[in-house]
Amino acid sequence: MQERRSFRKHFAFLIHCMRKLKTSCTKNASRVMLSGMSSDARMKALRYYARAGRNMADEVITLLQNPQAVFLFTPDLVVMMKPADSTAPHRWERLAETPIGADAWYIHLLAGDLRLARKLARLLPDYEWCCFQRGMRSAAPHRCRWARMRH
């Protein structure tokens, strides 16, 4: 019951922040809003989505349709990931799907304390690969051994 309340609180904060970012529609207002530095991982994730011109709330809702997905939204760490097939990067973005024979974790978004992310990695089921895309810099798919994340 406590977990559900905590999740609702974090998700409500996400929706609140998305609305705040959306309402600042003029170029100058959004530039000022996005340039502020924050150590809050939630705000870093929201800024990334705003700069990329994507809707984080929609992607979270889609990700949560996947029962094997991981969604963590705290001030220290934001994680959106799901099991994936490392040899099919064209399917990684299909957040609601988990392919049969998944051999990797696809990290859709990771912001915040990477030491905490490594601790989280030790708690998750073990797959051979870790897959990700660079995002705004390059959309090229990458993969590395999941064991590197766990140690």
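Everything below is about the structure printed above this text.
Now for a description of the structure that goes with this document.

About the thresholds
Residues numbered from 1 in each chain as written. Predicted model: local features only at pLDDT ≥ 70, side-chain atom pairs only at ≥ 80, totals over all residues. Heavy atoms only, no water. Helix = DSSP H or I, 4+ residues; strand = E, 2+ residues; numbered from the N terminus. Buried < 20%, exposed > 50% of the residue type's maximum accessible area, 1.4 Å probe, protein only. Contact = heavy atoms within 4.5 Å. Areas by Shrake-Rupley, 256 points an atom, 1.4 Å probe, with all protein chains shown as cover. Patch = residues over 30% accessible without salt bridge, like charges linked within 9 Å, V, L, I, M, F, W, Y side chains within 5 Å. Salt bridge = Lys/Arg side-chain N within 4 Å of Asp/Glu carboxyl O. Lys, Arg positive; Asp, Glu negative; His and termini not counted. Charge placed at Lys NZ, Arg CZ, Asp CG, Glu CD. Pairing = 2+ DSSP bridges.

A few words now on the overall build of the protein chain. Counting secondary structure elements, the protein chain contains 6 helices and 5 strands. Each helix and strand of the protein chain, placed in order from N terminus to C terminus, yields the pattern α-α-α-α-β-β-β-α-β-β-α. Going through the 151 residues of the protein chain one by one, you find that 38% of them count as buried. Considering only residue pairs separated by 6 or more positions, the protein chain has 56% of its internal contacts joining residues 24 or more positions apart. When the accessible surface of the protein chain is totalled, it reaches about 9,400 Å², and 55% of it is carbon and sulfur.

What follows concerns a positive patch on the surface. A contiguous patch of positive charge, built from Arg118, Lys119, Arg122 and Arg148, is present on the exposed surface. Classification of arginine 148 by relative accessible area gives exposed; the value is 60%.

Our next topic: the pairing of strand β1 (residues 70-73). Pairing of β1 with strand β2 (residues 77-84), which is carried by 4 bridges, proceeds in the antiparallel orientation. In the strand pairing of β2, valine 70 is matched with methionine 81. Hairpin connection from β1 to β2: 3 residues lie between these consecutive antiparallel strands.

The next subject is the pattern of salt bridges. In total, this model carries 4 salt bridges according to the counting rule given. For glutamate 59, the salt bridge goes to arginine 54, with nearest N and O atoms at 3.0 Å. Two residues, arginine 91 and glutamate 97, come together in a salt bridge whose shortest N-O distance is 3.1 Å. Take arginine 91: its relative accessible area is 30%, and that puts it in the partly exposed class.

Structural measurements only, silent on function.
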